[in-house]
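Each chain, written out:
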Amino acid sequence: MEVEGTFPPLSLSAKFEGSFAYLTVRDRLPTILTKVVDSLHRNKDSFFKEYGKEGIQAEKRAISFLSKLRNELQTDKPVLLLTDNAEDTEAWNEYMGRQQDLMEDGQPVSWFKSSWLYMECYMYRRIQEALNMNPPMSNFDGFKEGKTQSFFESQQAIKCLCTYLQELITNMENMTEMQLRENFLKLLQVSLWGNKCDLSISAGQDNSQRSSPIDSLPDLQRFILVDDSNMVWSTLVAAQGSGSAGKKHARVDIVLDNAGFELVTDLVLADFLVSAGLAKQIRFHGKSFPWFVSDVTKQDFEWTIMQTMAANHKWMSASGAQWKHFMKDGTWSYHDHPFWTMPHEFCDMALDAADLYSTLQGSDLILFKGDLNYRKLTGDRKWEHTVLFDRALRGFQPAPLCSLRTLKADVQVGLQPGQAEKLNSQDPHWMTNAKYAVVQFSGPHRER
Ligand SMILES: O=P(O)(O)OC[C@@]1(O)O[C@H](CO)[C@@H](O)[C@@H]1O
Ligand SMILES: [Mn+2]
């Protein structure tokens, strides 16, 4: 609830007992930590094979770091500055210092007293510290197995999606604008619902895509609470050609979320945008180290394209080959700025990552995938549900942007009066069970 007169409202936090944040910090985060430890144990033999005794020692030390972290978390200890001297260590410790200075009467920042967004991001950065401090563990991805499993168990859906994409590409030139729009909106929704498959909400339990992603769209339509798809389309159309040769120069940025099936839906959407001539360039933004269990790293991105290309399915391999070509000729590019693995709300980006903000200002449309990005767009704060999305962005507007998000955290703005009350009566967990979604736009084409 936005307490009258406080702007911005309070941050979600585990200090609110019984809140979703509280249950996440108390139950889900320790479970995720345990899964990383288990993954290290499971890979013991390969560490020995590759690094000999040194590898076993490093694995043991990394596990002890993670066990200490789990104890700190579960006993609400004060957070500790990072000591791993990585590229982002200074920025992280500066942020942590600022947050400590904001605490009332010098109370230490700790897991059950501070903002959920900060504490959850901090946990994933401490996991990376445990690995960085014990080379050769630094490049180990404790979530790799879950991410690859999501890909392998979604094969049917991926084949179906790649077949659909190739059919579209074959018929592209005789498509009317209406047909282009219709197919764009379908693939936008496939990418939206691809976000249901995220492993941190399920603390790593499998949730791969098993049915046809296209056929299920009509049944899912009613679960889209805010649908600004038409504004996304008109932004894309408006971005077409005014370049000297009249050629289309639109650039679309996709701030990725999860690997596995969701990443494939994003690559399919990006392929369609380029093949339909709606975008000349796609910039993908991923994470520079393993994050929130299933988020995309550069390794995941490259692995997914290679696996798709190597599939013994005609249209999958054709798609993968095309994607490899897009990467090679620069039509597509992958970027992993450290800001995406910082705890900041996005309204801080212009100040704290001015280089990234100005890069994004060159985009014609930025698609933000997933729940964590939505939480950062809105600052993970207790907004009234009817507050406008633009207001919740608090000045973050590098370019026209759209969030494609399934709801997995109890922050949601931009609803109609009475809409939240109706949802509460129908389904008390509507904000956190990933059944509902939004396509929420902010930019010049937003009708006032
Ligand atoms: O960004 P995603 O992958 O859609 O979701 C990330 C997420 O599952 O992790 C947290 C729960 O631990 C929540 O913030 C959020 O629901
Ligand atoms: Mn994610």
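Residues numbered from 1 in each chain as written. Chains lettered and ligands numbered in written order. Predicted model: local features only at pLDDT ≥ 70, side-chain atom pairs only at ≥ 80, totals over all residues. Heavy atoms only, no water.

A. Layout of the packing of aromatic side chains. In the structure shown here, the tally under the stated rule is 32 aromatic pairs. On the basis of an interplanar angle of 70° and a centroid distance of 6.5 Å, the ring pair of Tyr 118 and Tyr 122 is categorised as edge-to-face. Placement of the pair is Tyr 118 and Tyr 122 together in helix H4 (residues 116-132), with a separation of four residues, close to one helical turn. Given a relative accessible area of 2%, Tyr 118 falls into the buried group. (Phe/Tyr/Trp six-rings, centres within 6.5 Å; stacked < 30°, edge-to-face > 60°. Helix = DSSP H or I, 4+ residues; strand = E, 2+ residues; numbered from the N terminus. Buried < 20%, exposed > 50% of the residue type's maximum accessible area, 1.4 Å probe, protein only.)

B. The site of ligand 1, seen in detail. Surveying the vicinity of ligand 1 reveals 16 residues, the closest of which are Glu 120, Asp 257, Leu 372, Arg 375 and Lys 408. The contact in question runs from an oxygen atom of ligand 1 to an N or O atom on the side chain of Asn 195, over 3.0 Å. Between an oxygen atom of ligand 1 and a main-chain N or O atom of Leu 372, the distance comes to 2.8 Å. Taking 390 Å² as the accessible area of ligand 1 by itself, protein coverage stands at 100%. Elements with a minimum of two residues in the shell around ligand 1: helix H1 (20-42), H4 and helix H15 (371-377). Looking at which element gives the most residues to the shell around ligand 1, the answer is H15, with three residues. Here the shell around ligand 1 is built from residues that sort into four nonpolar, five polar and seven charged. (Near = heavy atom within 4 Å. Polar contact = N/O pair within 3.5 Å; in protein donor to acceptor, adjacent residues only side chain to side chain. Areas by Shrake-Rupley, 256 points an atom, 1.4 Å probe, with all protein chains shown as cover. Nonpolar A, V, L, I, M, F, W, Y, C, P; charged D, E, K, R; others polar.)

C. Geometry of unusual backbone geometry. Residue Phe 7 is joined to Pro 8 through a cis peptide bond whose omega torsion reads -5°. Take Pro 8: it is sitting in the segment before H1. Cis geometry is found at the peptide bond from Pro 135 to Pro 136, where omega equals 10°. With phi around 55°, Asp 76 is a residue other than glycine that occupies positive phi space.

D. Region of interest: the layout of surface pockets. Looking at the largest pocket, its volume works out to about 740 Å³. Along its surface, the largest pocket is lined by 28 residues, and Ser 11, Gln 99, Leu 102, Met 103 and Ser 115 are the ones closest to its centre. Breaking the lining of the largest pocket down by element, the ones donating at least two residues are helix H3 (89-102), H4 and helix H13 (349-352). Counted by class, the lining of the largest pocket contains eleven nonpolar, seven polar and ten charged residues. Quantified by volume, the second largest pocket comes out at close to 370 Å³. Considering the residues around the second largest pocket, the lining is formed by 21 residues, among which Gln 128, Asn 139, Ser 288, Phe 289 and Pro 290 are closest to the centre. Looking at the lining of the second largest pocket, the elements that each hand over two or more residues are H4 and helix H11 (298-310). Element by element, the count of residues in the lining of the second largest pocket is highest for H4, at three residues. (1 Å grid on protein atoms, 1.4 Å probe; cavity = no way out; pocket = protein on both sides within 12 Å on 5 of 7 lines; lining within 4 Å. Points joined across faces, edges and corners; volume = space filled by probe spheres on them.)

E. Representation of the sheet that holds strand E7 (residues 437-442) in the model. On the basis of which strands lie adjacent, the open sheet formed by seven strands has the order E1-E7-E6-E5-E2-E3-E4 and mixed pairing. Edge strands, defined here as strands with exactly one partner in the open sheet, are strand E1 (224-227) and strand E4 (332-335). Strand after strand, the sheet turns through a mean of 15° between neighbouring axes, direction not considered. Here four bridges tie strand E3 (residues 281-285) to E4, and the two strands are oriented parallel to one another. Considered in E4, the bridge of Ile 282 is made with Trp 332. Sheet contacts for helix H9 (residues 229-238): E1, strand E2 (251-255), strand E5 (365-369), strand E6 (401-406) and E7; angle to E7, the most-contacted strand, approximately 40°. (Pairing = 2+ DSSP bridges. Axes fitted to C-alpha atoms, helices over the stretch in contact; angles between N-to-C directions. Contact = heavy atoms within 4.5 Å.)

F. Up close: the pattern of salt bridges. What the rule picks out here adds up to 25 salt bridges. The residue Asp 141 makes a salt bridge to Lys 147 at a minimum N-O spacing of 2.7 Å. Grouping residues by exposure puts Asp 141 and Lys 147 together as buried. Of the charged contacts in the structure, one is a salt bridge between Arg 405 and Asp 371, with a shortest N-O distance of 2.7 Å. A residue pair is termed long-range when its members are at least 10 positions apart, and Arg 405 in strand E6 and Asp 371 in helix H15 qualify at 34 residues. Several salt bridges share partner residues, and in doing so they unite Lys 68, Glu 72, Arg 126 and Glu 129 into one network. (Salt bridge = Lys/Arg side-chain N within 4 Å of Asp/Glu carboxyl O.)

G. Main features of the environment of Thr 34. Structurally, Thr 34 can be placed in helix H1. Distance from Thr 34 to Arg 70, taken between C-alpha atoms, is 8.1 Å for residues 36 residues apart in sequence.

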